[in-house]
Amino acid sequence: MSVHMKFIFASKLIICSCCFAQGDLKEYVEAARNNNSEIRKARAEFNAFVEQENIVFANLLPSISARVSRSKVEQERSDSTRPKIKQNYITESDSLSLSQPLYRPRLLKDLENIRLLVDSEKLILEQKEELLVLKVANQYFDILDKQNKVDLIKKRIGLLEEQLEASKKTFLAGTGTITERAEVKSALDQAGAELIKNTQILKLAFSNLSLISGLDKVSTKELQYEEKEFEKFKVKNLKEWEEEALQRNFDTLSFQKRIEAAEAALSAERYNRYPTIDMSLQVARGSSESTFFVDSETTTKSVGITLSMPLYQGGSLSSRIRRSAETLNAEKEGLNFQREEIRRRVQNSFFGVVENFSLNDALETALESATIELEANKKSVTAGLRRRLDVLIAQQKAISIEQQLSAARIKIVLNWLQLNMLSGRLDEDKISKVSKILR
């Protein structure tokens, strides 16, 4: 076996090592939702944040405490005219206290604020989950693109092998040249090297997808272009997409909740200037001894209302109000910036879909022309009118157009998914629609 044939045989073995069970996009997405460490961390952080609502709500409820105290006293007393008197006794003190806020308007605003923040964090979590779905889809279709590149290199190798055999025959027949044969062999060697390189890149892409999803598979389904299915990805009316994104995008909705929370926080700071009223109730029992009282015991019951009114705190109340007001302004400006960013990203994704549909049509026509050109060159070589180098150039041109055509179709799908993610609509139905073009 020649060195060249060993090289091609080794390349084919590398490709065959990737032929295992196929993974569906929906399967990868579901696995990522369940296994991805980043999203599990985000869910745990959200659950921890939710507990703050319970903490703030507890401030509105009665506070009950019990206190039990026991002390041993050793007392020594002396007067100028009397001998020293020593006493050893135990003092006991037991109490049960209840405190209930009656009028604290700030507490209600604090509760409103934290509930709005919880809603905001929930929307952020949902946005992270959609971003994970998009990340999986991007990685999945990146693998399809790389797999297609490997397949086209294999196709190119097959064509070059045919050309090499033909050049050998023409050389033996005296109609070919050794230069043509060397050129074809050189192109075949280069294609074999590209095959090994791109196969390794493909394996790395599968490894990345496995890390994201936690699903250990080394193959995907193939992208099958069916015009009827791809028609479903066409988009119309940019204005409607922009408006829907501004209304339903999770980041935008989260900002709106944060603005409402900042307004509640500003009201809460203003309520710091108001008086507060608390009710307290206590039942206490105590016992002790002394020189004058032997084995005495007291029981006390008390009910009271406490009114507290801030008069002067060094200007801190005014500073807190100004800080909350500026925080509110910052959140409003953040929402305006977010709206502008959403519009820009929607436009990029929208025109990405439209432009790649147009590019798809143009490349289909170009591929037909390149195929005709390739066949014409082959016939011209047989007739002695062209060199085999012209066939190699035509082959490379046709394969390059095939690669561009596949990439354009992948970009259609990815831009369409991005557009739906920005509009808060990247749900199971959208993933199912994409899965229909995978065979």
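Keep in mind the model is a prediction, meaning the values are calculated, not measured.

### Some points on the packing of helix H2 (residues 25-35) against helix H11 (residues 428-435)
Contact geometry for H2 and H11: axes closest at 9 Å, N-to-C directions at 145°. Contact residues: H2 offers Leu25, Lys26 and Arg33, while H11 offers Glu428, Ile431, Ser432, Val434 and Ser435. Grouping the constituent residues of the contact of H2 with H11 by class yields 3 nonpolar, 2 polar and 3 charged.

### Here we look at the confidence of the model for the protein chain
Here the protein chain averages 87 in pLDDT, while 91% of its residues score no lower than 70. The model gives residues 1-21 a pLDDT under 50, and that stretch makes 34 contacts with residues more than four places away or in other chains.

### Things to note about the packing of H2 against helix H4 (residues 105-173)
Running from N to C, H2 and H4 cross one another at 140°; their axes reach a closest spacing of 10 Å. Classified by the angle their axes make, H2 and H4 are oblique. Regarding H2 and H4, the two cross each other, and that crossing is right-handed. Contacts from Leu25, Tyr28, Val29, Ala32 and Arg33 of H2 reach H4 at Leu132, Val133, Val136, Ala137, Tyr140 and Phe141. Taken together, the residues of the contact of H2 with H4 sort by class into 10 nonpolar, no polar and 1 charged.

### Thoughts on the nonpolar core
Counting 66 residues, the largest nonpolar core has Leu25, Val136, Phe141, Phe233 and Leu417 as the members making the most contacts within it. For this core, the secondary structure elements donating two or more residues are H2, helix H3 (37-58), H4, helix H5 (178-213), helix H7 (238-248), helix H9 (316-382), helix H10 (388-422) and H11. With 18 residues, the top contributor of residues to this core is H4. Setting aside anything within four residues of it in sequence, one finds leucine 417 in contact with Leu134, Ala137, Leu426 and Val434.

### Let's talk about the sheet that holds strand S4 (residues 296-308)
The strand order across the open sheet formed by 4 strands is S1-S2-S3-S4, and the pairing between neighbours is antiparallel. Each of the sheet's edge strands pairs with one partner strand only, and the pair in question is strand S1 (63-77) and S4. Averaged over all pairs of adjacent strands, the angle between strand axes in this sheet comes to 15°, irrespective of strand direction. Where strand S2 (residues 85-103) meets strand S3 (residues 276-288), 11 bridges bridge the pair, whose relative direction is antiparallel. For glutamine 100, the partnering residue across the bridge sits in S3 and is methionine 279.

### Details of the environment of glutamate 244
As for its placement among the helices and strands, glutamate 244 is situated in helix H7. Setting aside residues up to four positions removed in sequence, glutamate 244 forms contacts with Asn249, Ser423 and Arg425.

### Re the environment of serine 99
The residue serine 99 is located in strand S2 in this model. Sequence separation between serine 99 and aspartate 278 is 179 residues, and the spatial gap between their C-alpha atoms is 7.0 Å. Once you skip the residues sitting within four places of it in the chain, serine 99 turns out to touch Leu61, Pro62, Ser63, Met279 and Ser280.

### With respect to a nonpolar patch on the surface
Residues Ile64, Leu96, Leu281, Val283 and Val303 make up a contiguous nonpolar surface patch of about 450 Å² in total accessible area. Secondary-structure assignment places valine 303 in strand S4. Among the residues examined, valine 303 registers a relative accessible area of 64% and is labelled exposed.

### Some remarks on H4
If you check H4, its first and last C-alpha atoms are 102 Å apart, about what 69 residues at 1.5 Å a residue would give, namely 102 Å. Positive phi shows up at glycine 174, right after H4, with a value of about 90°.

### What about the side chain of serine 254?
Relative to the assigned elements, serine 254 resides in helix H8 (residues 250-270). Reaching out from serine 254, the side chain makes a polar contact with the side chain of serine 120 at a distance of 2.7 Å. Non-local contacts of serine 254, meaning those with residues more than four positions away in its chain, are made with Ser120, Leu123 and Ile124.

### Considerations on the pattern of salt bridges
One pass over the structure, following the stated rule, counts 29 salt bridges. The salt bridge involving glutamate 244 is made with arginine 425; its shortest N-O contact spans 3.4 Å. Here arginine 425 lies in the loop between H10 and H11 and glutamate 244 lies in helix H7, a separation of 181 residues in the sequence. The salt bridge partner of glutamate 297 is arginine 285, with a shortest N-O separation of 3.7 Å. With glutamate 297 in strand S4 and arginine 285 in strand S3, this residue pair connects regions lying 12 residues apart in the sequence. Overlapping salt bridges bring together Arg70, Glu92, Asp94, Arg285 and Glu297 as one network.

### Overview of the side chain of asparagine 113
Structurally, the position occupied by asparagine 113 is in helix H4. For asparagine 113, a relative accessible area of 16% translates into the label buried. With sequence-adjacent residues up to four places away left out, asparagine 113 is seen in contact with Ala261, Ala262, Ala264 and Ala265.

Procedures and definitions
- Residues numbered from 1 in each chain as written.
- Predicted model: local features only at pLDDT ≥ 70, side-chain atom pairs only at ≥ 80, totals over all residues.
- Heavy atoms only, no water.
- Axes fitted to C-alpha atoms, helices over the stretch in contact; angles between N-to-C directions.
- Helix = DSSP H or I, 4+ residues; strand = E, 2+ residues; numbered from the N terminus.
- Contact = heavy atoms within 4.5 Å.
- Nonpolar A, V, L, I, M, F, W, Y, C, P; charged D, E, K, R; others polar.
- pLDDT = per-residue confidence, 0-100.
- Parallel < 35°, antiparallel > 145°, perpendicular 65-115°, else oblique.
- Left-handed = near helix turned anticlockwise from the far one by under 90°.
- Core = buried A, V, L, I, M, F, W, Y, C linked by side-chain atoms within 4.5 Å.
- Buried < 20%, exposed > 50% of the residue type's maximum accessible area, 1.4 Å probe, protein only.
- Pairing = 2+ DSSP bridges.
- Patch = residues over 30% accessible without salt bridge, like charges linked within 9 Å, V, L, I, M, F, W, Y side chains within 5 Å.
- Areas by Shrake-Rupley, 256 points an atom, 1.4 Å probe, with all protein chains shown as cover.
- Salt bridge = Lys/Arg side-chain N within 4 Å of Asp/Glu carboxyl O.
- Expected span 1.5 Å × (residues − 1).
- Polar contact = N/O pair within 3.5 Å; in protein donor to acceptor, adjacent residues only side chain to side chain.

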